[in-house]
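# Structural features, examined
Spelled out from the first residue to the last, the chains are:
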Amino acid sequence: MPSPTGAPTKITQGSGTKGGIGESTLRPDGILKVTGEFAYSSDMWHEDMLWGQILRSTVAHAEIVSVDTSEALALPGVYAVMTYDDLPAEVKHYGLEIRDTPVLAHGKVRHHGEPVAIVAADHPETARRAAARIKVEYRELPVITDERSALAPDAVLVHEHRDDHHVGHVAHPNIVHRQPIVRGDAAGAAGRAEVIVTGEYTFGMQDQAFLGPESGLAVPEEDGGVHLYIATQWLHSDLRQIAPVLGLPERKVRMTLSGVGGAFGGREDLSMQIHACLLALRTGKPVKIVYNRFESFFGHVHRHPAKLHYEHGATRDGKLTHVRCRIVLDGGAYASASPAVVGNAASLSIGPYVVDDVDIEAIALYTNNPPCGAMRGFGAVQACFAYEAQMDKLAKELGMDPVEFRQLNAMEQGTIMPTGQPVDSPAPVAELLRRVKAMPLPPERQWESSEGADVRQLPGGLSNTTHGEGVVRGVGYAVGIKNVGFSEGFDDYSTAKVRMEVIAGEPVATVHTAMAEVGQGGVTVHAQIARTELGVAQVTIHPADTQVGSAGSTSASRQTYVTGGAVKNACERVREQVLEIGRRKFGSYHPAWATAELLLEDGKVVTDGGEVLAGLVDVLEGEAVEVEQEWRHRPTEAFDLRTGQGNGHVQYSFAAHRAVVEVDTELGLVKVVELACAQDVGKALNPLSVVGQIQGGTVQGLGIAVMEEIIVDPRTAKVRNPSFTDYLIPTILDTPTIPVDVLELADAHAPYGLRGIGEAPTLSSTPAVLAAIRNATGLELNRTPVRPEHLTGTA
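In what follows, the accompanying structure is described.

Definitions and limits used
- Residues numbered from 1 in each chain as written.
- Predicted model: local features only at pLDDT ≥ 70, side-chain atom pairs only at ≥ 80, totals over all residues.
- Heavy atoms only, no water.
- Helix = DSSP H or I, 4+ residues; strand = E, 2+ residues; numbered from the N terminus.
- Rg over C-alpha atoms; globule rule 2.2 N^0.38 Å.
- Buried < 20%, exposed > 50% of the residue type's maximum accessible area, 1.4 Å probe, protein only.
- Contact = heavy atoms within 4.5 Å.
- Areas by Shrake-Rupley, 256 points an atom, 1.4 Å probe, with all protein chains shown as cover.
- Lys, Arg positive; Asp, Glu negative; His and termini not counted.
- Charge placed at Lys NZ, Arg CZ, Asp CG, Glu CD.
- Salt bridge = Lys/Arg side-chain N within 4 Å of Asp/Glu carboxyl O.
- Core = buried A, V, L, I, M, F, W, Y, C linked by side-chain atoms within 4.5 Å.
- Pairing = 2+ DSSP bridges.
- Axes fitted to C-alpha atoms, helices over the stretch in contact; angles between N-to-C directions.
- Patch = residues over 30% accessible without salt bridge, like charges linked within 9 Å, V, L, I, M, F, W, Y side chains within 5 Å.
- Expected span 1.5 Å × (residues − 1).
- Parallel < 35°, antiparallel > 145°, perpendicular 65-115°, else oblique.
- Left-handed = near helix turned anticlockwise from the far one by under 90°.
- Nonpolar A, V, L, I, M, F, W, Y, C, P; charged D, E, K, R; others polar.
- Phe/Tyr/Trp six-rings, centres within 6.5 Å; stacked < 30°, edge-to-face > 60°.
- Lys NZ or Arg CZ within 6 Å of the ring centre and 35° of its normal.

### Here we look at the overall build of the protein chain
Within the protein chain one finds 18 helices and 29 strands. For the protein chain, the C-alpha radius of gyration of 27 Å lies close to 28 Å, the compact-globule estimate for 795 residues. Oriented by its inertia axes, the alpha-carbon framework of the protein chain measures out at about 85 × 70 × 60 Å. Residues classed as buried in the protein chain amount to 63% of the 795 residues present. For the protein chain, restricting intrachain contacts to residue pairs at least 6 apart in sequence, the fraction spanning at least 24 positions comes to 80%. Here the protein chain has roughly 29,400 Å² of accessible surface; of this, 50% comes from carbon and sulfur atoms. Each charge sign in the protein chain was given a centre, from 69 positive and 98 negative side chains, and these centres are 1 Å apart.

Quick look at the structure:
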């Protein structure tokens, strides 16, 4: 990784403590995960526990005529079978933003794989056999699978339990949410444009493809409550949705995070949480549920597939005049996070460019397709694929270099977004493009003329399908913009509890938050913050649970920003109290104790000049300091539902990619040779982790570019490929070299100047790969993923 450059961020507290901010400290769980010793949620065990199983619908849209559970209940080893009629509370629906999802289907099923009944038995195989014995009679209904069928006058999928504020501004009940953004005069600007390009783009349904399936263990408590050990992204959001359905106050539903095997948005919604708790309370025994891979494809939401219609205009000298676009997201059967995804797609729909005149509309639809919700990039990914294709089209029409055209129109600090919000932190879009273009290109390979060439490096070479015939190289560029944190007026905060004491003769800090560690490395960063702020070597990370205030979701690139901010804030309060204890004990011995410039460093209290005043062990002898603090970033506001104006986002992140591909034009095979990335991270709190996040996001963008798509039959709305045999994700053999250039331009509004980083590389990697394939083939390629038939003309 090239050395980070840019404006340095001043760190004044504890900078000499090893393992602090700015260092590449190793993950505490890294070796355990590599060696297979890490305990994931699917590894949990409890004496005398039962196994839960879910019966799911075999059709996508139907009336439920009858459900017969008698044969299942008669099977030896079965402790409970529950349907909708057995739910204990008046509340029988839940939802991340809109409470429209039934715990178990009632009256109708609305998508393939919807839960209909649940079983608890003494063995997992017994539970599966019992579920298979439940007899459900369906009367199938016509399926709604696309915009035309969803917006037909008589098509209504919304049920009576929808209770959100979005209903009043949509023109059809199957529109989950609509967000227009109007600024300037796009129609007038179109009349003045000298070059106009249009495009219609299709974005496929992507799965998060986390490797740890949904799983958890519910243990009934003596007070009539339940303790749920769960792999999730947001403990307190789960709690808010679970407790009402169980008919319990939140204080009687305790939740502890168990080992999470990846998430990427797919664990923001509930999966088996309520079902395990219901069965545990019904049977009085611990109940464990673990999905298999087939069930996992039905048990969580996916990335919204989209249809995007764009018009861009420009002057002959290359300045953008206007953008008009319409984005249609398929939300599937239930709302999930669709309203927020719509807001992101609309507000970020023109990309990191200066455009004064825009007319934008984004909508999400209810259909009978699988429910869609949060996934890394959250609406901005689909938009970036389309607007970057448009930028390439315009550059070609104008005869301009595609990078120079982007740089000419690139936003910078002070640019006004289409929502009217000014960008008030560094926006180095042109610089990121310059950096990624300046990286050395991988050497050209003359396959047909090189004796002894390794054909395994060719597209399809591992199958010995080619020796270089018909293989051409292409290079493509893209850049994207992503918001950081929750937006549109959401009260985005986090809570941290920090304790400092002496244990075994050494000062120790304990950090307790409800942050879900899903692989992003938050536990490492929290320890680094505590070492930096408190000057101690030993930091313990308390298991995440609901015994501390909410940390919000591990999503939206927000945890290091918001929960890191909470940890920093709590540490600062602890430091103040430690120094006050020191002043009380030792203040009479040295006049420096009276000054405000005292630091904690390497287990000592020192002056800003480095003079040691006391050891922390002496200060804290017989004392313990504990502080719990909430921390909020700057407030945001909702977008106007008519104009889309409003300061909706707290921060933006930017990444640029250059893709180099080799395409076998005869067989339609693609080999991505390199995916170089340049990204501004504000401040790299852990440089090693930063590069890992950028490379991981890049690979997910590569996946949707050339292979990943959940295939839904348009006639039946059934999923056709719910397995890793048929749903393909990149392996090490598909992953190219990913050089990363990290830029650090501090955001003055953020803790340590940091900028959320996890999502931005997923945006620009996909359109960069598509641009490179277009460059190699000359084809338009307006859909993801690109398949062989699209390249050979047989589609």
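### Structural notes on the environment of I738
Mapped onto the fold, I738 is located in the loop between helix 16 (687-706) and strand 28 (740-743). When its relative accessible area of 10% is taken as the criterion, I738 is described as buried. A C-alpha to C-alpha distance of 16 Å links I738 and V479, two positions 259 residues apart in sequence. Excluding anything up to four places from it in sequence, I738 contacts L675, Q695, T698 and V699.

### Observations regarding the side chain of R267
Among the secondary structure elements, R267 is positioned in the loop between strand 13 (253-257) and helix 7 (273-283). Put simply, R267 is tucked away with no salt bridge, and the nearest opposite charge, on E214, sits 5.3 Å away. Here R267 is in contact with F210, G212, P213, E214, A231, T232, Q233, V260, G261 and G262, once residues within four sequence places are set aside.

### Quick notes on the nonpolar core
One broad rule of soluble globular proteins: the nonpolar side chains tend to lie buried together. Counting 98 residues, the largest nonpolar core has Y310, I327, V769 and I773 as its most contacted members. Examining the composition of this core, we find that 12 residues originate from one element, helix 10 (residues 380-398), more than from any other. Contact partners of I327, with chain neighbours within four places excluded, come to K307, L308, Y310, A345, S349, E361, A362, I363 and A383. One finds L50, L228, L270 and L278 within the second-largest nonpolar core, a separate group that totals 47 residues.

### Some remarks on the sheet that holds strand 27 (residues 669-680)
Taking strand neighbours across the sheet as the criterion, the 4 strands line up as 18-26-27-28 in an open arrangement whose pairing is mixed. Every interior strand has two partners, whereas the edge strands, strand 18 (471-484) and strand 28, have only one. Across this sheet, the average inter-strand angle for adjacent strands is 20 degrees, counted without regard to direction. Sheet analysis places strand 26 (residues 651-664) next to strand 27, joined by 11 bridges and oriented antiparallel. Bridging across to strand 27, V663 finds its partner in V670. Those strands touched by helix 12 (residues 429-438) are strand 18, strand 26, strand 27 and strand 28, and its axis lies near 30 degrees from that of strand 26.

### Remarks on a nonpolar patch on the surface
Taken together, the side chains of L462, I732 and L733 make up a nonpolar region of the molecular surface, amounting to roughly 360 Å² of accessible area. Topologically, L733 is positioned in the loop between helix 16 and strand 28.

### Comments concerning helix 17 (residues 760-777)
With 18 residues, helix 17 should reach 26 Å at 1.5 Å per residue; the first-to-last C-alpha distance of 27 Å fits that figure. Taking burial as the measure, the 18 residues of helix 17 include 16 buried ones, the bulk of the element.

### Examining the pairing of strand 19 (residues 493-503)
Across 8 bridges, strand 19 lies against strand 25 (residues 625-632) in antiparallel orientation. Among the inter-strand pairings, K497 is bridged to a residue of strand 25, identified as E628. For strand 19 and strand 20 (residues 506-512), the ladder comprises 7 bridges, and the chain directions are antiparallel. Looking at strand 20, one finds that M500 is bridged to A509. Here strand 19 hands over to strand 20 after 2 residues, with A504 in that stretch at a positive phi of 55 degrees.

### Remarks on the packing of helix 16 against helix 17
Where helix 16 meets helix 17, the closest approach of the two axes is 7 Å, and the angle between their N-to-C directions is 45 degrees. In this view, helix 16 runs oblique relative to helix 17, as classed from their interaxial angle. By crossing handedness, the relation of helix 16 to helix 17 is classed as right-handed. Here helix 16 contributes Q693, I694, G697, T698, Q700, G701, L702, I704, A705 and V706 to the contact with helix 17, which in turn contributes P761, T762, S765, T766, V769, L770 and I773. Residue composition of the contact of helix 16 with helix 17, grouped by class: 9 nonpolar, 8 polar and no charged.

### Re the environment of D85
Among the secondary structure elements, D85 is positioned in the loop between strand 3 (78-82) and strand 4 (93-94). Measuring from C-alpha to C-alpha, the distance between D85 and N782 comes to 47 Å, with 697 residues separating the pair along the chain.

### Some points on the pattern of salt bridges
The full count for this structure, using the stated rule, is 40 salt bridges. A salt bridge links K135 to E71; its shortest N-O distance comes to 2.8 Å. Here E71 lies in helix 2 (residues 70-73) and K135 lies in strand 8 (residues 135-140), a separation of 64 residues in the sequence. Using a relative accessible area of 35% as the deciding quantity, one classes E71 as partly exposed. In this structure, the salt-bridge partner of R575 is E533, at a minimum N-O distance of 2.8 Å. Separated by 42 residues along the polypeptide, R575 in helix 14 (residues 559-586) and E533 in helix 13 (residues 522-534) bring together distant segments of the chain. The pair formed by R575 and E533 is uniform in burial state, with each residue classed as buried.

### Considerations on the packing of aromatic side chains
How two aromatic rings sit relative to each other is set out by the distance from centre to centre and by the angle between their planes. Taken as a whole and assessed by the stated rule, the structure comprises 14 aromatic pairs. Each ring, one from W45 and one from W51, has its centre 5.9 Å from the other, and the planes form 70 degrees; the classification is edge-to-face. The class for W45 is exposed, based on a relative accessible area of 63%. Among the aromatic residues, those joined into a ring-pair cluster are Y201, F203 and F385. Geometry around F38 places K33 over its ring, the cationic atom sitting 4.9 Å from the centre. Here the guanidinium or amino end of R558 rests over the ring plane of F486, the centre of that ring lying 4.7 Å away.

### Focus on the pairing of strand 28
Residue alternation in strand 28 divides its side chains into two sets, V740 and V742 and D741 and L743, and both sets are buried. Here 4 bridges tie strand 27 to strand 28, and the two strands are oriented parallel to one another. The residue of strand 28 that forms the bridge with Q679 is V742.

### Thoughts on the sheet that holds strand 10 (residues 195-203)
Strand order in this open sheet of 6 strands is 9-17-16-15-10-29, and the pairing throughout is mixed. Each edge of the open sheet carries a strand with a single partner, namely strand 9 (175-183) and strand 29 (783-784). Here strand 10 runs beside strand 29; their pairing, made up of 2 bridges, is parallel. By the bridge assignment, T202 is partnered in strand 29 with R783. Across the sheet, helix 10 is in contact with strand 10, strand 15 (306-314), strand 16 (320-330) and strand 29; its angle to strand 10 comes to roughly 145 degrees.

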